[in-house]
Amino acid sequence: MPTAHLWAEDPTTLPMAAYALSCLLLPIGWTVHVLDHPRYCPRNAPLITYGTAIPAETRPPHIHIAASPFFGTAFGSPASVPGGPLHWDGDLPILFTGPPSDQRHDAAGRIMTQIDLLAGTFFLLTRYEEAILHGQNAEGRMLPLHAVAGREGFIDWPVVDVMRERLFGWLQLLGFPVARLQPWDRPFALALTHDVSHLLPTGPLSRWRQRHRRAATPLRHLDSWLDTEATRHIQATYFLPLRTTRTTWPISRSFRRQATRIAHAGHEIAGLLPRHRTDRAPSTPLTEQHPHTGKPLRGVRQTGWCWDAASVPAALAVHGFDYDCSLGFPDRPSFRCGTTWPFPLFDLGTRQPTDVWEVPMLCAGTAWLQADISRIEQTLTRFGGLMALDWSDAQSDGDTGYDGLVGALQASGHTLGSVVHLLSGFLAVLPNDLL
């Protein structure tokens, strides 16, 4: 299998640099092998070095990425967050730059760049700024206007994917074939999801309760979703509260009945994680068999799409989840993580990647219907990948547009399905030792 060989000047930055490079190479299925010294790179194999100076004893083909001060002494403090205004190199905002190098691309097969792709990728994928900065709303979600992407105007542009294109172009210049993986029948796959935090019977009292409770789902809305998906022969993921698996409340009995119905229709049931639930002791894993289906829960979403970058990845790994689907901005189609592809979460505490995958959120369904999506469609077609779209009553109110939304998505040529089905297809084509 194709392998990129990485050497970092500072050993303390090696786990972060290797993680960032692995994520950049995910769509083409390349693995990363860490070297103790550049001279150990096999002949004619791609060598990528990362540091403030070009190392000696390197031979082509060679890419040198100049390391910025991001991983230095200021790492973990607000001083490491890039300020503005940022400079742009074509369609790429430059988050971090390293010192200038004396050599550039030459006929001998060497490429030198001052743009720190590894620091920029790490910064965006780990939601690093959310771990050390304030500016969150009441649900714990970083507001777009406080994020660097919002301030600098690239929140609707997948910057990590642009960095990937730069790296892939350099590999091709050095003579290495680069081909994106094709896990689905179309370049881009979109997972359909529903958050059912409260399930209410239809009636005047329920309508009153819905107006005073966020994300309440009347039974008639659930009926409408299931009918639409059955008619169009598609599957979706339903995120149900984990608390309903361990209580005998009447509302829990209603959840059990409806969840059995959802499972019999072939849809995935995942966990909607209440706030502070990740603090629960791991002696009672949250992925225990769901009583509605008899199958373990593989995925989870944080209530309100909130996110604590410093603690959530580690907590999800401890409890045994396979994926999370929380990172996105509901009010507009955007790229909160800077990418359209799934990626493994990184634990900032231990500075190691986890086995939990993140499927980024694109937006809520009504935001897709109300926005001018022509540019978003072009972006998704250009970069490919897998994202999720949520349709729940917190956004849909009267629930009159879901059938039209699904019809428009099918007409656009995207692959639709549940999160676990589409993510499993992606993981199946990756090398076992990719990360």
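Everything here concerns the structure above.
All values derive from a computational prediction rather than experimental measurement.

Chemist: Give a description of the overall build of the protein that names residues and reports values.
Modeler: Across its full length, the protein holds 14 helices and 19 strands. Taken over 435 residues, the protein has a buried fraction of 58%. Counted over contacts in the protein with a minimum sequence separation of 6, partners at least 24 positions apart contribute 74%. Split by element, the accessible area of the protein, about 17600 Å² in all, is 53% carbon and sulfur.

Chemist: Outline the sheet that holds strand 4 (residues 62–66), supporting the account with residue identities and numerical values.
Modeler: Pairing in this open sheet of five strands is parallel, and the strands run 2-1-3-4-7 from one edge to the other. Among the strands making up the open sheet, the edge pair consists of strand 2 (31–34) and strand 7 (110–113). Looking at each pair of strands side by side, their axes are set apart by 20 degrees on average, direction ignored. With four bridges joining them, strand 4 and strand 7 adopt parallel strand pairing. Within strand 7, the position partnered with His62 by the bridge is Arg110.

Chemist: How would you summarise the packing of helix 7 (residues 219–232) against helix 13 (residues 402–411) if you had to cite specific residues and measurements?
Modeler: When two helices pack together, their arrangement is given by the angle between the helix axes and the distance between those axes. The contact between helix 7 and helix 13 brings their axes to 9 Å, and the two run at 30 degrees. Put simply, helix 7 runs roughly parallel to helix 13. The hand of the helix 7/helix 13 crossing is right-handed. For the pair formed by helix 7 and helix 13, the contact residues are Trp225, Thr228, Glu229 and Arg232 on the first element and Tyr402, Asp403, Val406, Gly407 and Gln410 on the second. Taken together, the residues of the contact of helix 7 with helix 13 break down into three nonpolar, three polar and three charged.

Chemist: Describe unusual backbone geometry, listing the residues and the values that go with them.
Modeler: Geometrically, the link from Pro60 to Pro61 is a cis peptide bond, its omega value of 0 degrees lying close to zero. For Pro61, the location among the structural elements is in the loop between strand 3 (47–51) and strand 4. A positive phi angle, close to 55 degrees, is found at Arg351, a residue other than glycine. Along the polypeptide, Arg351 turns up in the loop between strand 15 (343–347) and strand 16 (352–358). Under the relative-accessibility criterion, Arg351 is labelled partly exposed at 35%.

Chemist: Any chance you could break down helix 7 for me, citing the residues and the numbers?
Modeler: With 14 residues, helix 7 extends 20 Å between its outermost C-alpha atoms, agreeing within 8% with the 20 Å of an ideal straight helix rising 1.5 Å per residue. Inspection of helix 7 places His221, Leu222, Trp225, Leu226, Thr228 and Glu229 among the buried residues, and these make up the whole buried set. Down the axis of helix 7, the buried side of the element spans an arc of 160 degrees, and every buried residue falls inside it. For helix 7, the exposed residues lying more than 90 degrees away from the buried face are Ala230 and Thr231. A positive backbone phi angle near 60 degrees is found at His233, which sits one or two residues after helix 7.

Chemist: Just give me the short version of the packing of aromatic side chains, but keep the residues and values in it.
Modeler: The tally for this structure, following the rule as stated, stands at 24 aromatic pairs. With a centroid separation of 5.4 Å and 85 degrees between ring planes, the pair formed by Phe70 and Phe75 is classed as edge-to-face. There is no split in this pair, since Phe70 and Phe75 are both buried. Relative to Phe96, the ring of Phe70 lies with its centre 4.7 Å away and its plane at 45 degrees, an arrangement referred to as tilted. On the criterion of sequence distance, the pair formed by Phe70 in the loop between strand 4 and strand 5 (88–89) and Phe96 in the loop between strand 6 (92–93) and strand 7 is long-range, its members being 26 residues apart. Of the residues examined, Phe96 reaches a relative accessible area of 8% and is grouped as buried. Of the aromatic side chains, those joined through ring pairs into one cluster are Tyr19, Phe70, Phe71, Phe75, Phe96, Phe122, Phe123, Tyr128 and Phe346. Directly above the ring of Phe329 sits Arg336, whose terminal nitrogen or CZ lies 5.4 Å from the centroid.

Reading guide: rules and limits
Residues numbered from 1 in each chain as written. Predicted model: local features only at pLDDT ≥ 70, side-chain atom pairs only at ≥ 80, totals over all residues. Heavy atoms only, no water. Helix = DSSP H or I, 4+ residues; strand = E, 2+ residues; numbered from the N terminus. Buried < 20%, exposed > 50% of the residue type's maximum accessible area, 1.4 Å probe, protein only. Contact = heavy atoms within 4.5 Å. Areas by Shrake-Rupley, 256 points an atom, 1.4 Å probe, with all protein chains shown as cover. Pairing = 2+ DSSP bridges. Axes fitted to C-alpha atoms, helices over the stretch in contact; angles between N-to-C directions. Parallel < 35°, antiparallel > 145°, perpendicular 65-115°, else oblique. Left-handed = near helix turned anticlockwise from the far one by under 90°. Nonpolar A, V, L, I, M, F, W, Y, C, P; charged D, E, K, R; others polar. Expected span 1.5 Å × (residues − 1). Arc of directions from axis to C-beta. Phe/Tyr/Trp six-rings, centres within 6.5 Å; stacked < 30°, edge-to-face > 60°. Lys NZ or Arg CZ within 6 Å of the ring centre and 35° of its normal.

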